[in-house]
Amino acid sequence: NKQIDEAVARGDLSTATKLKTIYAGRFKDETTDKEAKKEAAKLRKEFASESKTIGYQDALDSWNRAKSVPNNGSGDLTLMYSYIKALDPNSVVREGEINISKATGSVPENILTAYKRVKEGKLLSDQQRKEYVGEVGRIYNSRAEQQKQLNAFYSGLAVDTGAKPEDVIGARSNIQLAKLPETS
């Protein structure tokens, strides 16, 4: 600042120090905000990349579909699709994978399921449905725990660099684990 330079040139160090303190308070916040926003943007980019690697959002999408499917044939298809996508979010779900999924029960259970398929249009037995929902929930919970750890790590980095944690991790700050159905 020009006034500080003039005070120093006059040899008035007391005034120069006072002016520097006053101006530092004013400009420090602007500089800190700029630096914090720049750091937050850098951290947010890293965070988004690592978060995608974990697959939390894909698992959340699969869990949200699986926990609310209707108890009918189309719900069964949605449930099997959600399970396969939870296992491998980048896969293309094919008919062969669905057929393998339908045959996961015991022989008597498969016979009963075949009967229900003809009579009620269902593809899965009630036990198989519970198992699929539970498995999608377990996959989600595993990824949610990993995401929570990532959130904590990047929140700490944000605080250390003067950025706000919510500017780095965004809406992923309140992750709830799935309540898994009881299976027998």
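Rules used throughout
Residues numbered from 1 in each chain as written. Predicted model: local features only at pLDDT ≥ 70, side-chain atom pairs only at ≥ 80, totals over all residues. Heavy atoms only, no water. Helix = DSSP H or I, 4+ residues; strand = E, 2+ residues; numbered from the N terminus. Contact = heavy atoms within 4.5 Å. Areas by Shrake-Rupley, 256 points an atom, 1.4 Å probe, with all protein chains shown as cover. Phe/Tyr/Trp six-rings, centres within 6.5 Å; stacked < 30°, edge-to-face > 60°. Core = buried A, V, L, I, M, F, W, Y, C linked by side-chain atoms within 4.5 Å. Buried < 20%, exposed > 50% of the residue type's maximum accessible area, 1.4 Å probe, protein only. Polar contact = N/O pair within 3.5 Å; in protein donor to acceptor, adjacent residues only side chain to side chain. Arc of directions from axis to C-beta. Axes fitted to C-alpha atoms, helices over the stretch in contact; angles between N-to-C directions. Parallel < 35°, antiparallel > 145°, perpendicular 65-115°, else oblique. Left-handed = near helix turned anticlockwise from the far one by under 90°. Nonpolar A, V, L, I, M, F, W, Y, C, P; charged D, E, K, R; others polar. pLDDT = per-residue confidence, 0-100.

**Comments concerning the overall build of the protein**
Logical step 1: Each helix and strand in the protein was counted, giving 8 helices and 0 strands.
Logical step 2: N-terminal to C-terminal, the α/β element order of the protein is α-α-α-α-α-α-α-α.
Logical step 3: If you take every contact in the protein between residues at least 6 apart in sequence, the share linking residues at least 24 apart comes to 64%.
Logical step 4: Surface accessibility of the protein: about 11,600 Å² in total, with carbon and sulfur atoms responsible for 53%.

**Some words on the packing of aromatic side chains**
Logical step 1: Summed over all chains, the structure comprises 4 aromatic pairs.
Logical step 2: Pairing F153 with Y154 gives two aromatic rings, centres 5.3 Å apart and planes at 85 degrees, and the pair type is edge-to-face.
Logical step 3: Every member of this aromatic cluster is reached through a ring pair, and the members are F47, F153 and Y154.

**Digging into the nonpolar core**
Logical step 1: Grouped together as the largest cluster of nonpolar side chains are 31 residues, with contacts concentrated most on Y56, L79, Y140, Y154 and V168.
Logical step 2: Top element by residues in this core is helix α7 (residues 126-161). It accounts for 9 residues.
Logical step 3: Among residues more than four places away in sequence, those in contact with L79 are A66, V69, L124, R129, Y132 and V133.

**A few points about the environment of D76**
Logical step 1: With respect to the helices, strands and loops of the structure, D76 is situated in helix α4 (residues 73-87).
Logical step 2: Residue D76 is classed as buried on the basis of its relative accessible area of 0%.
Logical step 3: For the pair D76 and L123, spaced 47 residues apart in sequence, the C-alpha to C-alpha distance is 5.9 Å.
Logical step 4: Not counting residues within four places of it along the chain, the set of residues in contact with D76 comprises P70, K122, L123, L124 and R129.
Logical step 5: For D76, the side chain forms a polar contact with the main-chain nitrogen of L124, separated by 2.9 Å.

**Focus on helix α3 (residues 56-66)**
Logical step 1: Of the positions making up α3, those classed as buried are Y56, A59, L60, S62, W63 and A66. For α3, the angular spread of buried residues about the axis comes to 165 degrees, placing them on one side.

**Observations concerning the packing of α4 against α7**
Logical step 1: Following both chains from N to C, one finds α4 and α7 inclined at 30 degrees, their axes separated by 10 Å at the closest point. If you check the angle between α4 and α7, you find them roughly parallel. Seen along the crossing, α4 lies across α7 with a hand that is left-handed. Residue-level contacts link G75, D76, L79, M80, S82, Y83, A86 and L87 of α4 to R129, Y132, V133, E135, V136, I139 and R143 of α7.
Logical step 2: In the contact of α4 with α7, the residues fall into 9 nonpolar, 2 polar and 4 charged.

**A word on the packing of α3 against α7**
Logical step 1: Taken N-terminus to C-terminus, the directions of α3 and α7 make an angle of 150 degrees; their axes are 9 Å apart at the nearest point. Taken together, the axis directions place α3 and α7 in an arrangement best described as roughly antiparallel. The handedness of the crossing between α3 and α7 is left-handed. Between α3 and α7, the residues in contact are Y56, A59, L60, S62, W63 and A66 and V133, V136, G137, Y140, R143, A144 and Q147, respectively.
Logical step 2: Each residue belonging to the contact of α3 with α7 can be placed in one class, and the counts come to 9 nonpolar, 3 polar and 1 charged.

**A few points about the confidence of the model for the protein**
Logical step 1: When the pLDDT values of the protein are averaged, the result is 77; 68% of them are 70 or greater.
Logical step 2: Summarising per-element confidence for the protein, the mean pLDDT is lowest in helix α6 (residues 107-120) (53) and highest in α3 (94).

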